[in-house]
Amino acid sequence: IHEGVSLDIQHQHVSRLLNALKIGKPHQIAAVLMSENTLKAQTDSGLMLFQYAEDILVRPRQGEALASLLSTPDDPHHFNNVIEKVIMGGGKSKVILPIMAEKKATGLNLVVVEVPRALLATNHVDLNATSQRLFGQKAHPFNTVNLIVS
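Summarised in this report is the structure supplied together with it. (Residues numbered from 1 in each chain as written. Predicted model: local features only at pLDDT ≥ 70, side-chain atom pairs only at ≥ 80, totals over all residues. Heavy atoms only, no water.)

A negative phi holds for most residues other than glycine; trans holds for most peptide bonds. Located in the positive-phi region is aspartate 55, a residue other than glycine, with phi close to 55°. Among the residues examined, aspartate 55 registers a relative accessible area of 36% and is labelled partly exposed. (Buried < 20%, exposed > 50% of the residue type's maximum accessible area, 1.4 Å probe, protein only.)

A few words now on the packing of helix α5 (residues 60-69) against helix α6 (residues 92-104). Packed helices, taken two at a time, are described by the angle their axes make and the gap between the axes. Here α5 crosses α6 at 30°, and the two axes come no closer than 10 Å. Classified by the angle their axes make, α5 and α6 are roughly parallel. By crossing handedness, the relation of α5 to α6 is classed as right-handed. Across the interface between the two elements, Gln62, Ala65, Leu66 and Leu69 of α5 pack against Val95, Ile96, Ile99, Met100 and Lys104 of α6. Of the residues in the contact of α5 with α6, the class split is seven nonpolar, one polar and one charged. (Axes fitted to C-alpha atoms, helices over the stretch in contact; angles between N-to-C directions. Helix = DSSP H or I, 4+ residues; strand = E, 2+ residues; numbered from the N terminus. Parallel < 35°, antiparallel > 145°, perpendicular 65-115°, else oblique. Left-handed = near helix turned anticlockwise from the far one by under 90°. Contact = heavy atoms within 4.5 Å. Nonpolar A, V, L, I, M, F, W, Y, C, P; charged D, E, K, R; others polar.)

These figures capture arrangement, not role.
Structure (structure tokens):
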């Protein structure tokens, strides 16, 4: 299955290149030609399936951020406390966040994603759609504005 998905990802990559060539924008053609399937994505079946389902290639920086965010100490049920800085447009909401949330959910914990209030609605819509489509799970918003503190 892994090899079949890998071939499908290569096919998607060729399709993206053909589409970029049809459009004729040099920066799009260059971006597709320079993109590659990272070693991390090639060896991680979950990441491979995510790439296939989303028709994307995980960028090297995204793979590095995921590796850091998913690193564990000696206990596999705990994750290291890590902060990652990824540039705007670097795939935090659409790539890193859904993968990280799914992989951190061990069945013994609750994964909470905290975003700035101004981005809550947008991030919830995106993460909920991705979670339902790929993982069959619903993302539930937790809005502190409606809480009553006594």
